[in-house]
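# Summary of structural features
The lines below spell out each chain.
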Amino acid sequence: MTQNRHHKTNKSYSPPKLLSALKRNLVQTEGLVMGAPTSAILSEIYMQFLENNEIHNLLKNHNLKGHFRYVDDIVIICDTIESNIQEALEDFNKIALKLKFTALCISVL
């Protein structure tokens, strides 16, 4: 560990936008800095904006029954007889090009 007059640094320190995965260094070029104190707040504001301006409209347009959201995970309730989930998923993925929505359908009797 090295020390200068302002703070201590560890030799394994990485800049905030540098991610280490699978023994490779990846540089984050888009989005909010992971782990930054403001990232959670800004992402919540953005998700609320999408929810109020885009997602509610898609729910109505595709006859989806309802939804629940926790942070960035969204669960949608639908009747597969009344709704085409594949078409809905395609429209969800048109909301913001940098976001990727995926679907896992579970049948409940």
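A quick note: this is a predicted structure, and the numbers were derived from the prediction, not measured.

## Some details on the pairing of strand β5 (residues 66-70)
In this structure, β5 lies alongside strand β6 (residues 73-77), joined through five bridges in antiparallel fashion. By the bridge assignment for β6, G66 is matched with I77. Between β5 and the antiparallel strand that follows it, β6, lie two residues; V71 among them carries a positive phi value of about 55 degrees.

## Thoughts on unusual backbone geometry
For residues besides glycine, phi is generally negative; the peptide bonds are generally trans as well. Backbone geometry at N63 places phi at a positive 55 degrees, although glycine is not the residue there. Of note, N63 is situated in the loop between α1 (37-61) and β5. Residue N63 is classed as partly exposed on the basis of its relative accessible area, which comes to 36%. Positive phi outside glycine occurs at V71, with the angle close to 55 degrees.

## Some thoughts on the nonpolar core
Judged by nonpolar contacts, M47, L50, I55, L58, L59, L64, A88, L89, F92, I95, A96 and F101 together constitute the single largest core of twelve residues. The set of elements that each furnish at least two residues to this core consists of α1 and α2 (85-92). Broken down by element, this core gets its largest block of residues, five residues, from α1. If we ignore the near neighbours within four places in the chain, the residues touching I55 are L50, I74, F92 and I95.

Definitions and cut-offs
Residues numbered from 1 in each chain as written. Predicted model: local features only at pLDDT ≥ 70, side-chain atom pairs only at ≥ 80, totals over all residues. Heavy atoms only, no water. Pairing = 2+ DSSP bridges. Helix = DSSP H or I, 4+ residues; strand = E, 2+ residues; numbered from the N terminus. Buried < 20%, exposed > 50% of the residue type's maximum accessible area, 1.4 Å probe, protein only. Core = buried A, V, L, I, M, F, W, Y, C linked by side-chain atoms within 4.5 Å. Contact = heavy atoms within 4.5 Å.

Remember that the coordinates give geometry; whether it matters functionally is a separate question.
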